[in-house]
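Here's the letter readout for the chains.
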Amino acid sequence: MSERLEDTAAAIVADGKGLLAADESSGTIKKRFDVIGVESTADSRRDYREMMFRATEAMRKYISGVILYDETIRQKAADGTPLVDIIKAAGAIPGIKVDTGAKPLAGFPGDTITEGLDGLRERLADYYKLGARFAKWRAVIDIDLTRGVPSATSIASNAHALARYAALCQEAGIVPIVEPEVLMDGAHDIDTCYEVSKATLTKLYTELYAARVVLEGTILKPNMVISGKKSGKTSNPEEVAEKTIKLFRETVPAAIGGIAFLSGGQSDEEATANLNAINATGPHPWKLTFSYGRALQAAAQKAWRGKAANVAAGQAAFVHRAHMNHLAALGKWQPTLEQAA
Ligand code: 5MM
């Protein structure tokens, strides 16, 4: 039976389920491991990811799919089982990061362009054979108004690349996750985040239409509308929810398969509280869930610290965060559940 892109997209945002973004490139996972004092080797990266993929309670009940990195999709667990098979056995869908990273945009200091289109058709065919049924491409839009960042050229170039990537994915039978991340690292306020995100999403959907991408077979992975970390201001969940939903109603077609947020540097609990507030104000035209990297993994990394003796503790931390985000995706999370844990 042939798989329909719309069905895969619907499975990714199934009620109360979301994605585990475990697609850190080797450079990024090294940074995460440095924090917990673990040397980053092929084996330590394998052990860490195997620990999460074998956390059956989380994987079966709360995680719809896992975004993998090229190394991981080809890797075997310590007992020789392909990691992809462990994910599938838990009923989750393997996915793959296919961009090759954000590079400086020539002529536009401070802006980046995400690369990876060359040879992508062939790589997608290979990843499909390896079991991937969805892919991810992340565009990075920083905000620094003092330098004119982001430029209109950066927004347009990244939207165009995302559209070309999405069209190639669909040709290969793979659901594209389109991730135009407006970074929360700057000193900007929440309204600036809203304006830049609006320009970014407006351009993105213009390009996706132009590229004849079937929106029902896509998932949007956006940032929330939130104050920049260096602004000194914290946005409360109600404000984040109100501005994020207003933005999406203005820019995101109801036809898309669903929305799975990135966490972008929010604390674990903040990412959960904001997702919960967004869903508590529904109904909305789309399902809204999580595709968190840091906000799902930070606690597990801290509990694990690279020691086999800590695997159960690492898994328990991961199960807890997945459970909390499962509740938030349903708008049923309460802060007291964190304290109880
Ligand atoms: C897991 O991190 C992903 C890969 O990052 P690099 O390419 O820099 O190694 C990243 O794309 C991630 O999927 C998204 O940013 C969402 O993760 P967060 O941590 O923001 O939820």
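Along each chain, residue indices are assigned from 1 in the same order as the chain's sequence is written. The predicted origin of the model limits local features to residues at a pLDDT of at least 70 and limits the giving and counting of side-chain atom pairs to 80 or more, whereas totals for whole chains, interfaces and linings rest on all residues. Where side-chain values are given, they derive from all heavy atoms of the structure, hydrogens and water being excluded.

1. Digging into the packing of helix H7 (residues 120-129) against helix H8 (residues 152-171)
Between N-to-C directions, angles span 0 to 180 degrees; the directions come from axes that are lines fitted to C-alpha atoms, helices contributing only their stretch in contact. Helical segments are the DSSP runs of H or I of at least four residues, strand segments are the runs of E of at least two, and each set is numbered from the N terminus. Following both chains from N to C, one finds H7 and H8 inclined at 40°, their axes separated by 9 Å at the closest point. Taken as axis vectors, H7 and H8 run oblique relative to one another. In the packing of H7 onto H8, the handedness of the crossing is right-handed. Note on element contacts: H8 touches H7 through Tyr-165, Leu-168, Cys-169 and Glu-171, opposite Leu-120, Arg-121 and Leu-124. Any angle between 65 and 115 degrees counts as roughly perpendicular, while under 35 counts as roughly parallel, over 145 as roughly antiparallel, and the rest as oblique. Take the far helix as the reference: if the near one is turned anticlockwise from it by less than a right angle, the crossing is left-handed, and if turned clockwise, right-handed. Here a residue-residue contact requires only that any non-hydrogen atoms of the pair lie within 4.5 Å.

2. Considering helix H9 (residues 190-210)
Along its 21 residues, H9 runs 30 Å from first to last C-alpha, staying within 8% of the 30 Å computed at 1.5 Å per residue. On the buried face of H9, the contacting elements are strand E6 (134-141), H8, strand E7 (175-182), strand E8 (219-220) and helix H10 (237-251). Among the residues trailing H9, Arg-212 stands out with phi positive, at a value near 60°. Helices are assigned an expected span. That span is 1.5 Å times one less than the residue count.

3. Points about the layout of surface pockets
In this analysis a 1.4 Å probe is tested at points of a 1 Å grid over the protein atoms alone, and where it fits but cannot get out there is a cavity; an open set with protein on both sides within 12 Å along at least five of seven lines is a pocket; lining residues have an atom within 4 Å of a point. Grid points are joined across faces, edges and corners, and a volume is the space filled by probe spheres set on the points. Approximately 720 Å³ is the volume found for the largest pocket. Lining the largest pocket we find 29 residues, and of these Thr-28, Arg-32, Arg-138, Glu-181 and Arg-294 sit closest to its centre. Elements with a minimum of two residues in the lining of the largest pocket: helix H2 (26-35), strand E4 (101-104), E6 and E7. Put simply, Ala, Val, Leu, Ile, Met, Phe, Trp, Tyr, Cys and Pro go in the nonpolar bin, Asp, Glu, Lys and Arg in the charged bin, and everything else, Gly too, in the polar bin. In terms of residue class, the lining of the largest pocket is made up of 6 nonpolar, 9 polar and 14 charged.

4. A few points about the environment of Asp-47
By secondary structure assignment, the location of Asp-47 is in helix H3 (residues 42-53). Each C-alpha atom, one on Asp-47 and one on Ala-308, is 8.7 Å from the other, the two residues being 261 residues apart in sequence.

5. Observations regarding the pairing of E7
Looking down a regular strand, the side chains alternate between one sheet face and the other. Exposed residues in this analysis have more than 50% of their type's maximum accessible area, buried residues have under 20%, and partly exposed residues fall in between, with area computed by a 1.4 Å probe over protein chains only. Burial analysis of E7 places 8 of its 8 residues in the buried class, the great majority of the element. Side chains of E7 alternate between two faces, with Val-175, Ile-177, Glu-179 and Glu-181 and Pro-176, Val-178, Pro-180 and Val-182 buried alike. Two strands are counted as paired when DSSP detects at least two bridges linking them. In this structure, E6 lies alongside E7, joined through 8 bridges in parallel fashion. Of the residues in E7, the one forming a bridge with Phe-134 is Val-175. If you view a crossover with the strands going away from you and the path from the first strand over the helix to the second runs clockwise, you call it right-handed. Viewed along the sheet, the connection from E6 through H8 into E7 turns out right-handed.

6. Describing the pattern of salt bridges
By convention in these notes, a salt bridge is any Lys or Arg side-chain nitrogen within 4 Å of a carboxyl oxygen on Asp or Glu. Going through the model one piece at a time under the given rule, you end up with 26 salt bridges. Salt-bridge contacts for Asp-34 lead to Lys-30; the nearest nitrogen and oxygen are separated by 3.1 Å. Of this pair, Asp-34 and Lys-30 both sit in helix H2, 4 residues apart, roughly one helical turn. Overall, Lys-30 belongs to the partly exposed group, its relative accessible area being 43%.

7. A few points about the site of the ligand
The environment of the ligand is formed by 17 residues, the closest being Ser-25, Thr-28, Lys-136, Ser-263 and Gly-264. N or O atoms closer than or at 3.5 Å make up a polar contact, with two conditions inside protein: a donor-capable atom paired with an acceptor-capable one, and, for residues adjacent in sequence, both atoms drawn from side chains. In the model, an oxygen atom of the ligand is placed 3.1 Å from a nitrogen or oxygen of the Asp-23 side chain. With respect to the ligand, the side chain of Thr-28 contributes an N or O atom lying 2.7 Å from an oxygen atom. Think of it this way: if more than half of a molecule's atoms are within 2 Å of a pocket's grid points, that molecule is in the pocket or cavity. A majority-of-atoms criterion places the ligand in the largest pocket. Elements represented by at least two residues in the shell around the ligand include exactly E6 and E7. Across the shell around the ligand, the residue classes break down as 3 nonpolar, 5 polar and 9 charged. Think of it this way: one heavy atom of a residue within 4 Å of a molecule or strand is enough to make that residue near it.

8. Regarding the nonpolar core
Among the nonpolar cores identified, the biggest contains 102 residues, and Phe-53, Tyr-165 and Phe-318 are the most heavily contacted of them. Ranked by residues supplied to this core, first place goes to helix H13 (residues 311-329) with 8 residues. If we ignore the near neighbours within four places in the chain, the residues touching Phe-53 are Leu-20, Ala-22, Met-59, Val-66, Leu-68, Thr-72, Leu-83, Ile-86 and Ile-87. Only buried residues count toward a nonpolar core, which is a set of Ala, Val, Leu, Ile, Met, Phe, Trp, Tyr and Cys residues joined through side-chain atoms within 4.5 Å. Grouped together as the second largest cluster of nonpolar side chains are 5 residues, Ile-143, Ile-155, Val-182 and Val-196 included.

9. Let's talk about the packing of H8 against H9
Where H8 meets H9, the axes come as close as 8 Å, and the angle between the chain directions of the two elements is 40°. Between H8 and H9, the interaxial angle falls into the category oblique. Between H8 and H9 the crossing geometry is right-handed. Residues Ile-155, Ala-156, Ala-159, His-160, Leu-162, Ala-163 and Ala-166 of H8 touch H9, and the partners they reach there are Ala-199, Thr-200, Lys-203, Leu-204, Glu-207 and Leu-208. Considered class by class, the residues forming the contact of H8 with H9 number 9 nonpolar, 2 polar and 2 charged.

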